[in-house]
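Next come the chains, spelled out residue by residue.
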There are 2 protein chains.
Amino acid sequence: MAAARKKNLRTEDASPSAPQALAERLERHGVRPSAQRVAIASYVLGTEDHPSADQVWARVKERFPMVSRATVYNTLRHFTEKGLLRELVLAEGRQVFDPVMEPHHHFVDDTTGAIRDIPWNALKVAKIDELEGLDVREYMVVVRGVARGARKG
Amino acid sequence: MAAARKKNLRTEDASPSAPQALAERLERHGVRPSAQRVAIASYVLGTEDHPSADQVWARVKERFPMVSRATVYNTLRHFTEKGLLRELVLAEGRQVFDPVMEPHHHFVDDTTGAIRDIPWNALKVAKIDELEGLDVREYMVVVRGVARGARKG
DNA sequence: TGATGAATTTAGACTAAGTCCAATCTTCGG
DNA sequence: CCGAAGATTGGACTTAGTCTAAATTCATCA
Ligand SMILES: [Mn+2]
Ligand SMILES: [Mn+2]
Ligand SMILES: [Zn+2]
Ligand SMILES: [Zn+2]
């Protein structure tokens with residue numbers, strides 16, 4: 001009966017992309033549902049693509065050619081602040097370098113942005129080998145939070 | 001007795017930053033040890049900072065003010081290709097957006113760059129709560145590799 | 001020692017991603 | 001309908017990264 005999408009991670013999947021339902025969803029999150037915002041939402045809130053801001057812009061322009069880049073960037077930031085989206089930093093483009101070549105995990109300090117190493121054996125990931133259809137080359141746990149205890153000593 | 005650094009992840013820690021030892025280490029990895037490269041190596045191969053390329057440039061310039069930005073970028077790429085460094089993409093700066101707000105893990109396809117979701121329960125991370133001195137806000141496993149089986153079906 | 005070609009370095013142009021801003025347009029309460 | 005707040009817009013600006021062509025350094029060998 002139900003929509004039977006490929007993945008079942010998505011939550012608020014009641015009535016997916018109907019502009020009406022989308023507008024209500026924006027309102028529930030405290031976002032005023034302008035035409036541009038609904039157009040942007042109708043793509044980005046439903047995709048599994050993890051798109052960049054410019055990719056969102058390109059997609060939205062197909063149906064709404066007059067939307068500006070600034071609006072897309074503003075709207076994505078707004079959605080993120082309002083809890084409709086989150087930003088990931090897993091994509092190529094911004095690089096930092098790590099001289100530790102052995103497998104290990106990472107802690108990213110949310111307040112300072114600093115990245116710290118977590119030794120491989122400090123954590124254990126189970127069931128990696130059960131992932132279907134993926135040739136795993138490497139993996140790591142990325143932990144985000146704040147370092148307790150003043151760093152500056 | 002031994003140097004007793006804070007972390008014990010680093011491998012080739014024999015004679016750390018002596019320019020002589022560094023040059024030999026570069027040679028062992030097939031990197032010709034020019035003065036610039038040794039200067040860059042002496043910072044970036046020993047740091048725990050996970051610096052960006054421009055941060056490396058800034059540091060190296062303090063002791064070697066005439067080094068060019070292109071050289072630093074070229075050298076970091078070279079070191080990375082030769083297995084002396086690796087690049088991480090955990091830093092703010094390049095953003096992609098994810099409408100799935102529930103905790104889940106990610107698979108990054110090394111050939112296409114595509115990012116796919118891995119359901120939270122597909123993996124299990126143990127000992128997160130034992131991390132000392134860190135207030136963990138969230139964490140995820142980042143898996144890199146290639147997707148088997150043609151995607152296009 | 002000097003010639004020569006390869007490897008490296010360099011400055012600066014160029015690109016892509018993201019931010020910011022001032023002007024304009026839209027919406028909404030009164 | 002009016003005015004203020006909110007939203008959108010084009011374009012300037014910034015930052016990170018790449019690329020190129022010229023100059024420099026280096027290794028090798030006559
Ligand atoms: Mn790269
Ligand atoms: Mn951001
Ligand atoms: Zn690391
Ligand atoms: Zn995701």
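Heads up: these notes are all about the structure in this document.

Focus: the overall build of chain A
Argument step 1. Counting secondary structure elements, chain A contains 4 helices and 6 strands.
Argument step 2. Seen in sequence order, chain A has helices and strands lined up from the N terminus as α-α-α-α-β-β-β-β-β-β.
Argument step 3. Taken over 153 residues, chain A has a buried fraction of 39%.
Argument step 4. Pairs at least 24 residues apart make up 45% of the contacts formed inside chain A by residues separated by at least 6 positions.

As for the packing of helix H3 (residues 53-63) of chain B against helix H4 (residues 69-81) of chain B
All names here are of chain B.
Argument step 1. Their axes nearest at 9 Å, the elements H3 and H4 cross at an angle of 120 degrees. Between H3 and H4, the angle falls in the class oblique. For H3 against H4, the interelement crossing comes out right-handed. Across the interface between the two elements, Ala53, Asp54, Val56 and Trp57 of H3 pack against Arg69, Val72, Tyr73 and Leu76 of H4.
Argument step 2. Tallied by class, residues from the contact of H3 with H4 come to 6 nonpolar, no polar and 2 charged.

A closer look at the protein's contact with DNA strand D
Argument step 1. Close to DNA strand D lie 18 residues; A:Arg32, A:Ser34, A:Arg37, A:Thr71 and B:Arg69 are nearest.
Argument step 2. When the atoms of DNA strand D within 4 Å of the protein are grouped by moiety, sugar and phosphate amount to 78% of the total.
Argument step 3. Within the side chain of A:Arg32, a nitrogen or oxygen atom sits 3.1 Å from a sugar or linking oxygen of DNA strand D.
Argument step 4. A:Arg37 is positioned with one of its side-chain polar atoms (N or O) 2.8 Å from a phosphate oxygen of DNA strand D.
Argument step 5. When residues of the surface near DNA strand D are traced back to their parent elements, those giving at least two are helix H2 (35-44) and helix H4 (69-81) of chain A together with H4 of chain B.

Looking at the relation of the copies chain B and chain A
Argument step 1. Taken as rigid bodies, chain B and chain A are interconverted by a rotation of 180 degrees and an axial shift of 0.0 Å, the fit giving an RMSD of 0.1 Å. Put plainly, the chains are arranged around a two-fold axis.
Argument step 2. A symmetric contact is evident, with 99% of the interface residues of chain B recurring at the interface of chain A.

Considerations on the coordination of the zinc ion (ligand 4)
Argument step 1. Donor atoms from the polypeptide that bind the zinc ion (ligand 4) are A:His50 (NE2), B:Asp98 (OD), B:His104 (NE2), B:His106 (NE2) and B:Asp117 (OD), placed at 1.9 to 2.3 Å. Of this pair, B:Asp98 sits in strand E2 (residues 96-98) while B:Asp117 sits in strand E4 (residues 115-118), placing them 19 residues apart in sequence. Each member of the pair B:Asp98 and B:Asp117 is classed as buried.

Describing the protein's contact with DNA strand C
Argument step 1. Close to DNA strand C lie 18 residues, the nearest being A:Arg69, B:Arg32, B:Ser34, B:Arg37 and B:Thr71.
Argument step 2. Per the 4 Å cut-off to the protein, sugar and phosphate atoms form 78% of the nearby atoms of DNA strand C.
Argument step 3. In the environment of DNA strand C, a phosphate oxygen lies 3.0 Å from a nitrogen or oxygen atom belonging to the side chain of A:Tyr73.
Argument step 4. Take B:Ser34: an N or O atom from its side chain is 2.4 Å from a phosphate oxygen of DNA strand C.
Argument step 5. Put simply, the parts of the chain that give the surface near DNA strand C at least two residues each are H4 of chain A together with helix H2 (35-44) and H4 of chain B.
Argument step 6. Here the residues of the surface near DNA strand C are counted per class, giving 5 nonpolar, 7 polar and 6 charged.

Some remarks on the packing of H2(B) against H3(B)
Residues and elements named next belong to chain B.
Argument step 1. Remark: H2 packs on H3, axes separated minimally by 9 Å, with the N-to-C direction vectors making an angle of 115 degrees. Between H2 and H3, the crossing angle belongs to the class labelled roughly perpendicular. Helix-helix and strand crossings are classified by hand; for H2 and H3 the assignment is right-handed. Here Ala39, Ile40, Tyr43 and Val44 of H2 lie close against H3, whose contacting residues are Val56, Arg59 and Val60.
Argument step 2. Residues belonging to the contact of H2 with H3 are distributed by class as follows: 6 nonpolar, no polar and 1 charged.

Conventions and cut-offs
Residues numbered from 1 in each chain as written. Chains lettered and ligands numbered in written order. Predicted model: local features only at pLDDT ≥ 70, side-chain atom pairs only at ≥ 80, totals over all residues. Heavy atoms only, no water. Helix = DSSP H or I, 4+ residues; strand = E, 2+ residues; numbered from the N terminus. Buried < 20%, exposed > 50% of the residue type's maximum accessible area, 1.4 Å probe, protein only. Contact = heavy atoms within 4.5 Å. Axes fitted to C-alpha atoms, helices over the stretch in contact; angles between N-to-C directions. Parallel < 35°, antiparallel > 145°, perpendicular 65-115°, else oblique. Left-handed = near helix turned anticlockwise from the far one by under 90°. Nonpolar A, V, L, I, M, F, W, Y, C, P; charged D, E, K, R; others polar. Near = heavy atom within 4 Å. Polar contact = N/O pair within 3.5 Å; in protein donor to acceptor, adjacent residues only side chain to side chain. Least-squares fit on C-alpha atoms with pLDDT ≥ 70 in both. Donors = N, O, S within 2.8 Å, 3.2 Å for Na, K, Ca; no water.

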